[in-house]
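Each chain, letter by letter, is given below.
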Amino acid sequence: VSTRPSALLAVALAASAALAGCGGSDPASEPTPVVPSTSAPASEPPSGGGPPPLDLPEVSADLAGDLQAVLDARARAVLTGDRAAFLDGVAPTPDLVTTEGGYFDNMVQLPLAEFSYRLLPASLVRTDNAYWGVVEVVVQLSPYDALPVRTVDRYRFAPGRAGGYRITSTRDLRWESENAPVQQPWDTEPIVVREGDGVLGVFDTADRRERAGIVASVERGILDVSARVPFAEWGSRAVVYALSDPRFLESFDDLPGGDPQALDGVAFTVPAGTDDNAIASTRIALSPDLLPLASARRVDPELDRLVRHELVHVALGEEDDVAPLWLGEGIAEWVSVQALPPQRREVPDRALAMATAGQLTTMPSDESFNDADASVHYALAWWVCEWLALTYGPDAPFTLLEAFNRSEPDADPREVIRASTPVTLDELARRGAELMAQAYAPEPEVTEPADPTETSTTAPGEEETTG
Ligand SMILES: [Zn+2]
């Protein structure tokens, strides 16, 4: 799940250049700020009652510089936690004070290594006695983000009563939906942040117990996944959202399976917003349906397993970008169940029936992975990793992942598998399915009740059942 904000930024700049043309400035000229004049711009359409006479402050030769100073003061207020100074920079209308105060209250909860704004002077558009401008917002969460995250927003500035400019709007919903389609939760709603050991939890409606439960589950997951995944770049830390507000997940157009309501959790990348498409962070969003499990008195094994699955995606980071989907998902499933006793590792009935009937004869393509048979595909991918680990050692699934990383970007998965393992792709599927069928095969009927310790249920994955 990822977006491409560098392309979006280019779109934003193109769009604002066009708008600047409507506002009377020449988009073809060099990107100098629009210099305010004391008369209404000729190209403004006359309106019925007529706009109030323009009341711009002393014409400044450096409008962009003046507006940038407003933004710098705003960023400084966040970094120093100075709410009064922050609100000084916005127009004192009740609605704006409420929404902007809420935004300030969100931002000061975040561990900000960097927080800054950069006005794009060429984007300035004059409307009535105000200016709209595109602003690059830079946010880096410390120590969670490898790089600062650059996104664009559009603000309106108008002269304040005491001179100088104030921000009169940070909301241009239509522009935002076109230019910054994925917004972080702190941009859109009141959040509560709770930090644990290596985890930054972001919540909205979750109560204190639910927040603590999610953070504790992620802390346990980080310890487990760190010990099993041989990649260190993720630093054993993760940012986790558990939000009741569906807007964040709905804003992705490429969610696995397509339905945000049906997802238990998803790992998503946050692009740095640079030209090289670098990734600043891989984060996790958990379904709000998991919150009650998190507040239960006992540790919920299914919640922990789901959290481990998503943490594996964080730990893999970009390592699985060129591998087929089944390998990344298989590793996530396989790692996530290792902490469970074998008899608690469930596979869907349908997957087991198909494996037993010998119907799983190849691996699903990326296009079909999340189709109606997704649960079968996840189970098969997991058992292929079991087979790889059992046959070649516990690093084998990661070694295969690295083989894909070393391959050409468009390499045929069949060729990569053939070159890096003694089996073919289809053999891999059959071996994984066989191992699954074997591990969950019913115990042979016991005719006489023997020692009860001998009749305990099959432990899938144990040596004697997996051969
Ligand atoms: Zn997954």
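Owing to the predicted nature of the structure, the values given are computational and were not obtained by experimental measurement.

A short note on the coordination of the zinc ion
Part 1: Protein coordination at the zinc ion comes from His309 (NE2), His313 (NE2), Glu329 (OE) and Glu329 (OE), with a distance range of 2.0 to 2.8 Å.
Part 2: One chain supplies every donor to the zinc ion, and in sequence these donors are spaced H-x3-H-x15-E. With His309 and His313 both in helix H10 (residues 301-316) and four residues apart, this pair spans about one turn of that helix. His313 matches His309 in its accessibility class, with the two residues each being buried.

Observations regarding the pattern of salt bridges
Part 1: The final tally for this structure, using the stated rule, is 17 salt bridges.
Part 2: One salt bridge connects Asp145 with Arg283, and the closest N-O pair in it is separated by 3.1 Å. Here Asp145 is found in the loop between strand E3 (130-141) and strand E4 (149-159), whereas its partner Arg283 is found in strand E10 (residues 279-286), with 138 residues between them in sequence. The same class applies to Asp145 as to Arg283, namely buried.

Focus: the packing of aromatic side chains
Two numbers describe a pair of aromatic rings. These are the distance of the centres and the angle of the planes.
Part 1: Scanning all chains against the criterion turns up 17 aromatic pairs.
Part 2: Note on Phe248 and Phe252: the rings are 5.3 Å apart at their centroids and 90 degrees apart in plane angle, and the pair reads as edge-to-face. The same class applies to Phe248 and to Phe252, which are both buried.
Part 3: Relative to Phe268, the ring of Phe252 lies with its centre 5.6 Å away and its plane at 55 degrees, an arrangement referred to as tilted. A residue pair is termed long-range when its members are at least 10 positions apart, and Phe252 in the loop between helix H8 (247-250) and strand E9 (265-271) and Phe268 in strand E9 qualify at 16 residues.

So, the side chain of Glu189
Part 1: Its place among the elements puts Glu189 in the loop between helix H6 (185-188) and strand E6 (192-196).
Part 2: Buried charge without a partner: Glu189 forms no salt bridge, and the closest opposite charge is Arg247, 5.0 Å away.
Part 3: Once residues lying within four places of it in the same chain are set aside, the contact partners of Glu189 are Asn106, Asp204, Leu243, Asp245 and Arg247.

Some details on the pairing of E9
Part 1: With seven of its seven residues buried, E9 lies for the most part within the structure.
Part 2: Burial along E9 is two-sided: Gly265, Ala267, Thr269 and Pro271 facing one way and Val266, Phe268 and Val270 facing the other are all buried.
Part 3: Relative to E10, E9 runs antiparallel, the two being bridged by seven bridges. Each residue of the ladder has a partner; that of Ala267, found in E10, is Ile284.

A look at the environment of Asp410
Part 1: In this structure, Asp410 sits in the loop between helix H15 (396-406) and helix H16 (413-420).
Part 2: Spatially, the C-alpha atom of Asp410 lies 8.3 Å from that of Val322, the residues being 88 residues apart in sequence.

Some points on the nonpolar core
Part 1: With 75 residues, the main nonpolar core has Trp326 and Met436 as its most contacted residues.
Part 2: Here this core gets 13 residues from one element, more than from any other, and that element is helix H14 (residues 374-392).
Part 3: Excluding residues that lie within four positions of it along the chain, Met436 makes contacts with Val347, Ala351, Leu352, Ala355, Leu360, Ala379, Leu380 and Trp383.
Part 4: Ranked by size, the runner-up nonpolar core spans 54 residues in total, among them Ala91, Leu119, Ile167 and Leu243.

Looking at helix H11 (residues 325-337)
Part 1: The terminal C-alpha atoms of H11, which comprises 13 residues, lie 19 Å apart, in line with the 18 Å expected from a rise of 1.5 Å per residue.
Part 2: In terms of burial, H11 is a largely internal element, twelve of the 13 residues being buried.

Overview of helix H7 (residues 208-228)
Part 1: Given a rise of 1.5 Å per residue, 21 residues ought to cover 30 Å, and the 31 Å separating the end C-alpha atoms of H7 matches this to within 8%.
Part 2: Of the residues making up H7, those classed as buried are Glu210, Arg211, Gly213, Ile214, Val215, Ser217, Val218, Gly221, Ile222, Asp224 and Val225.
Part 3: The backbone nitrogen of Arg209 has a side-chain oxygen 3.1 Å away, supplied by the residue at the start of H7, namely Asp207.

Points about the packing of helix H2 (residues 63-80) against helix H4 (residues 94-107)
Part 1: At a minimum axis distance of 9 Å, the contact between H2 and H4 shows a crossing angle of 50 degrees. By the angle between their directions, the pair H2 and H4 is classed as oblique. Classified by chirality, the crossing of H4 by H2 is right-handed. Listed contacts from H4 to Arg74, Ala77 and Val78 of H2 are Glu100, Tyr103, Phe104 and Met107.

Section: the sheet that holds E6
Part 1: With mixed pairing, five strands are arranged side by side in an open sheet as E6-E7-E8-E10-E9. Unpaired on one side and paired on the other, E6 and E9 mark the two borders of the sheet. Taken over all neighbouring pairs, the strand axes of this sheet differ in orientation by 25 degrees on average, direction set aside.
Part 2: Judged from the five bridges that link them, E6 and strand E7 (residues 199-203) form a sheet pairing that is antiparallel.

Focus: the packing of helix H12 (residues 349-356) against helix H17 (residues 425-439)
Part 1: Interaxial distance between H12 and H17 falls to 8 Å at its minimum, and their mutual angle equals 110 degrees. Judged by the angle between their axes, H12 and H17 are roughly perpendicular. For H12 against H17, the interelement crossing comes out left-handed. Where H12 approaches H17, its residues Ala351, Leu352, Ala355 and Thr356 are matched on the opposing element by Ala433, Met436 and Ala437.

Points about the confidence of the model for the protein chain
Part 1: Averaged over the protein chain, the pLDDT score is 85; the fraction of residues at 70 or greater is 82%.
Part 2: Throughout residues 1-54 the model reports pLDDT below 50, and contacts reaching past four residues in sequence, or to other chains, amount to 78 contacts.
Part 3: Overall, residues 454-467 carries pLDDT values under 50, and its contacts beyond four positions in sequence, including any with other chains, amount to 28 contacts.

Section: unusual backbone geometry
Part 1: The omega torsion across Ser142 and Pro143 is 0 degrees, close enough to zero to call that bond cis.
Part 2: Unusually for a residue other than glycine, Asp128 sits at a positive phi of about 50 degrees.
Part 3: With respect to the secondary-structure elements, Asp128 resides in the loop between strand E2 (125-127) and E3.

Calculation notes
Residues numbered from 1 in each chain as written. Predicted model: local features only at pLDDT ≥ 70, side-chain atom pairs only at ≥ 80, totals over all residues. Heavy atoms only, no water. Donors = N, O, S within 2.8 Å, 3.2 Å for Na, K, Ca; no water. Helix = DSSP H or I, 4+ residues; strand = E, 2+ residues; numbered from the N terminus. Buried < 20%, exposed > 50% of the residue type's maximum accessible area, 1.4 Å probe, protein only. Salt bridge = Lys/Arg side-chain N within 4 Å of Asp/Glu carboxyl O. Phe/Tyr/Trp six-rings, centres within 6.5 Å; stacked < 30°, edge-to-face > 60°. Lys, Arg positive; Asp, Glu negative; His and termini not counted. Contact = heavy atoms within 4.5 Å. Pairing = 2+ DSSP bridges. Core = buried A, V, L, I, M, F, W, Y, C linked by side-chain atoms within 4.5 Å. Expected span 1.5 Å × (residues − 1). Polar contact = N/O pair within 3.5 Å; in protein donor to acceptor, adjacent residues only side chain to side chain. Axes fitted to C-alpha atoms, helices over the stretch in contact; angles between N-to-C directions. Parallel < 35°, antiparallel > 145°, perpendicular 65-115°, else oblique. Left-handed = near helix turned anticlockwise from the far one by under 90°. pLDDT = per-residue confidence, 0-100.

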